[in-house]
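Close look at the chain arrangement
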Amino acid sequence: MTTPQRSTLRLVLLRRVSTAGQLDGYGLDAQESDCRKWGRKVSGTPAVGNATVRIVKVCTDGAITGKASDDERPGLHEALELIAAGDADGILAPNLDRVARELTVQEATLSVVWAHGGRIFTVDHGEHLPDDDDDPMRTFVRQVMGAAAQLERGIIAKRLRNGRKTKAAKGGYAYGAPAYGQKVVEKELVDNEEEGAKALAKQWKAEGMSIRAITARLNAEEIPSKRGGKWHPTTVNRMLNPEARQAARDQSNRVRAAEREETKRRRADRMLSRLT
C-alpha cells in the first residue's frame, strides 16, 4: 500500500504506563521526551518522507496494562479515532511495547492503523511498514519481537508466582489477605491474638456443633468476622478446614484463568472488527 506523502506529518504521541507500575523507571514524561526528540531528529529526512514532523496530540493510557484492547484504553482509542477521521497521519510511540504488550493486540492495532492509511513509528525502530507479500521477513521479524516481549512478561510473572508459592510453602506470607487468626508482621505471618473466634470455633466443633450452629453462635455473640461483618457458614468452614480454603482458592484460580482466555478472544475480536 502506498501512503501519500505530506509536507507535514501529523503524528499522535502515544504514552502508556501499566497497572503494575514502571519497574523499568520509564515513565510518561520520559516517554514523551524521547518521542519529541526523535521527531525533531528525523523531521525533514527521508525516514519520514522528508516531511516536517508535528505532534498534533498526546494520548495517554495511565495505569493500564498493555494487554488491554483499544476500547479499554482511552488513549489508544482516541489515537485510532484521530487517524480514522483524517485528523492525524499516524502514531508515534517509544516502542511497540507501549502500544501493546500482547501480540494479538499489537497486530490488531497495526492492522487498524494501516487499514485507515495511517503510519506507525517507534523511537527504537522508526516506521513499521505495512505487511508485504513480497517481503514476508518483515512481518516475521515484527511478530517474533512482539512474541518475545510477551514471553518476557510471562516469564517475569511466572517467576513472581513461583516465588510466592515457595514462600507460602515455607509458612511465610506470600500474597492476599491473611487467613482469620493471622496477621503480617515484618513480612511474616504470625498469630493474631485479637482474632479469637478461630479458637472458639474449634472448641465448639470438638463439642459436636455443626458449621451452621457455630456460625449462628458467633453471630449471636456479636463476634466480628475478619472484615467486621457477619459470619457465613462458608467462611467458618474455610477457617476451620484448610483443605476447604485451598479448594476455594483453586476454584477461583480456574475461574480467573478461564476469564483471562475469554478476555483475550474478546479483545482481538473487538480490535479486528474495526476493519469491517
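Preceding block: the structure.
Residues numbered from 1 in each chain as written. Predicted model: local features only at pLDDT ≥ 70, side-chain atom pairs only at ≥ 80, totals over all residues. Heavy atoms only, no water.

1. Points about the overall build of the protein chain
- Regarding its fold elements, the protein chain presents nine helices and seven strands.
- When the 276 residues of the protein chain are sorted by exposure, 35% land in the buried category.
- As presented, the protein chain carries roughly 16000 Å² of accessible surface, and 52% of it is formed by carbon and sulfur atoms. (Helix = DSSP H or I, 4+ residues; strand = E, 2+ residues; numbered from the N terminus. Buried < 20%, exposed > 50% of the residue type's maximum accessible area, 1.4 Å probe, protein only. Areas by Shrake-Rupley, 256 points an atom, 1.4 Å probe, with all protein chains shown as cover.)

2. Thoughts on the packing of helix 6 (residues 197-206) against helix 7 (residues 211-220)
- The geometry of helix 6 relative to helix 7 is characterised by a closest axis approach of 10 Å and an angle of 135 degrees between their N-to-C directions. Put simply, helix 6 runs oblique to helix 7. As for how helix 6 packs across helix 7, the hand of that crossing is right-handed. Judged by residue contacts, Ala197, Ala201, Trp204 and Lys205 of helix 6 engage Ile214, Arg217 and Leu218 from helix 7. (Axes fitted to C-alpha atoms, helices over the stretch in contact; angles between N-to-C directions. Parallel < 35°, antiparallel > 145°, perpendicular 65-115°, else oblique. Left-handed = near helix turned anticlockwise from the far one by under 90°. Contact = heavy atoms within 4.5 Å.)

3. Re the pairing of strand 1 (residues 8-16)
- Burial runs high along strand 1: eight of the nine residues are buried.
- In this sheet, strand 2 (residues 52-61) lies alongside strand 1 in parallel orientation, the contact comprising nine bridges. Counted as the bridge partner of Leu9 is Val53 from strand 2. (Pairing = 2+ DSSP bridges.)

4. With respect to the pairing of strand 4 (residues 119-122)
- Side-chain alternation along strand 4 places Arg119 and Phe121 on one buried face and Ile120 and Thr122 on a second face that is also buried.
- When strand 3 (residues 90-93) meets strand 4, the two strands line up parallel, connected through four bridges. Bridge assignment links Ile91 to a residue of strand 4, and that residue is Ile120.
- As judged from the two bridges shared by strand 4 and strand 5 (residues 126-127), these two strands associate in the antiparallel manner. Bridge pairing in strand 5 places Thr122 opposite Gly126.
- Connecting strand 4 to the antiparallel partner strand 5 that follows it, the hairpin turn spans three residues.

5. Here's the deal with helix 7
- All of the buried residues in helix 7 are Ile214, Thr215, Leu218 and Asn219. The buried side chains of helix 7 occupy one side of the element, clustering within an arc of 130 degrees when seen end-on. Structural note: helix 7 exposes Arg212 and Ala220 on the side pointing more than 90 degrees away from its buried face.
- On the buried face of helix 7, the contacting elements are helix 6 and helix 8 (233-240).
- The first or second residue beyond helix 7 is Glu222, which carries a positive phi of 55 degrees. (Arc of directions from axis to C-beta.)

6. Topic: the packing of helix 7 against helix 8
- Two elements in contact, helix 7 and helix 8, have axes separated by 9 Å at closest approach and are oriented at 105 degrees. Taken together, helix 7 and helix 8 sit at an angle that is classed as roughly perpendicular. Contact with helix 7, carried on its side by Ile211, Arg212, Ile214, Thr215 and Leu218, involves Pro233, Val236, Asn237 and Leu240 of helix 8 and no other residues of that element.
- For the contact of helix 7 with helix 8, a count of residues per class yields six nonpolar, two polar and one charged. (Nonpolar A, V, L, I, M, F, W, Y, C, P; charged D, E, K, R; others polar.)

7. As for the sheet that holds strand 4
- Across the sheet, which stays open at both edges, the five strands sit in the order 2-1-3-4-5 with mixed pairing between neighbours. The sheet is open, and its two edges are formed by strand 2 and strand 5, each paired on a single side.
- Lying over the sheet, helix 2 (residues 74-84) contacts strand 1, strand 2 and strand 3, oriented at roughly 145 degrees with respect to strand 2.

8. What to know about the pattern of salt bridges
- Summed over all chains, the structure comprises eight salt bridges.
- Between Glu32 and Arg36 there is a salt bridge; the shortest N-O distance is 2.9 Å. Pair noted here: Glu32 and Arg36 are both in helix 1 (residues 28-42), with a separation of four residues, about one helical turn.
- The partly exposed category is assigned to Arg36, whose relative accessible area is 32%.
- As a salt-bridge pair, Arg73 and Asp61 come within 2.7 Å of each other at their nearest N and O atoms. A residue pair is termed long-range when its members are at least 10 positions apart, and Arg73 in the loop between strand 2 and helix 2 and Asp61 in strand 2 qualify at 12 residues.
- Ionic contacts of the salt-bridge type, sharing partners, join the residues Arg15, Glu32 and Arg36 into one network. (Salt bridge = Lys/Arg side-chain N within 4 Å of Asp/Glu carboxyl O.)

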